[in-house]
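Structural features, examined
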Amino acid sequence: MALDADTVLNAVIQVLKDNTLTMAASLTTATNVITIKAGDARNAPLTTDAYPAILVQLMRETETFAQLGQRNNRHELELAIVPLIYEGESAEASDKDVRVFTKNIKAVLKSGNNITLSGTALYSLPENVDYFAADLNGAYCSGAVITLRTHHLST
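One structure accompanies this document, and this report is about it. (Residues numbered from 1 in each chain as written. Predicted model: local features only at pLDDT ≥ 70, side-chain atom pairs only at ≥ 80, totals over all residues. Heavy atoms only, no water.)

Counting residues in hydrophobic clusters, the biggest one holds 27 residues, and the most contacted among them are L16, M23, I54, V56, I81, F101 and I105. For this core, the secondary-structure elements that each account for two or more residues are α1 (5-17), α2 (20-24), β2 (53-64), β3 (73-86), α3 (91-110) and β5 (139-154). Per-element accounting of this core gives the leading share, 7 residues, to α1. Other than its neighbours up to four places away in sequence, V56 contacts L9, V12, I13, L16, K37, A38, G39, L79, A80 and I81. (Core = buried A, V, L, I, M, F, W, Y, C linked by side-chain atoms within 4.5 Å. Buried < 20%, exposed > 50% of the residue type's maximum accessible area, 1.4 Å probe, protein only. Helix = DSSP H or I, 4+ residues; strand = E, 2+ residues; numbered from the N terminus. Contact = heavy atoms within 4.5 Å.)

This is the structure:
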């Protein structure tokens, strides 16, 4: 059976939704994560009351044939997990909070309880993080792009 990438995407989103208190721990700008959904952070504007937010986007799917007859194929999915913090008064607090938020999200993604992603992943790893700041219509927003790579087998 072919890998259903949407199932993996939804499993990642569900893992994040199940751990909102853990991810919001130690933030100075909020005590809870308001928005977690699939979307492209470059093209999915959020209102200021929707932060802190996490947008998840499937970026790439690679399939390698491991056996003749297309059995035991290896699939690699690359997802962009984008935590976003809006802090209207202090760019420094916003930048610090996005680093804490990112660290907490990575801890959730590395947790042994979450790594199977609904029993479909052999393993997954948040590989790298790129931080950025955005001026969204005059509002300062801090963000990061966490690259999560997952590996699967299918028949």
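Time to look at the packing of aromatic side chains. The tally for this structure, following the rule as stated, stands at 1 aromatic pair. Where Y51 meets Y86, the ring centres are 5.9 Å apart and the plane angle is 35°; that geometry is what we call tilted. Taken together, the residues span a long stretch of sequence, with Y51 in the loop between β1 (35-38) and β2 and Y86 in strand β3 at a distance of 35 residues. The exposure class assigned to Y86 is partly exposed, which follows from its relative accessible area of 27%. (Phe/Tyr/Trp six-rings, centres within 6.5 Å; stacked < 30°, edge-to-face > 60°.)

What follows covers the side chain of T35. Within the element layout of this structure, T35 appears in strand β1. For T35, a relative accessible area of 13% corresponds to the buried category. Setting aside its immediate chain neighbours within four residues, T35 contacts L46, A50, P52, A53 and I54.

The next thing to look at is unusual backbone geometry. The general pattern is negative phi for most residues beyond glycine and trans for most peptide bonds. Between Y51 and P52 the backbone carries a cis peptide bond, its omega angle lying at -5°. Structurally, the position occupied by P52 is in the loop between β1 and β2.

Quick look at the pairing of β2 now. As paired strands, β1 and β2 are joined by 4 bridges and run parallel to one another. The residue of β2 that forms the bridge with T35 is A53. Two elements, β2 and β3, share 11 bridges in a ladder whose sense is antiparallel. Bridge assignment links T64 to a residue of β3, and that residue is R74. (Pairing = 2+ DSSP bridges.)

So, about the pattern of salt bridges. For side chains bearing opposite charge, pairing can occur when the charged atoms are close. Under the defined criterion, the tally for this structure stands at 4 salt bridges. The salt bridge involving R60 is made with E78; its shortest N-O contact spans 3.1 Å. Of the two residues, R60 is situated in strand β2 and E78 in strand β3; the sequence distance between them amounts to 18 residues. E76 is the salt-bridge partner of R149, the closest N and O atoms lying 3.0 Å from each other. (Salt bridge = Lys/Arg side-chain N within 4 Å of Asp/Glu carboxyl O.)

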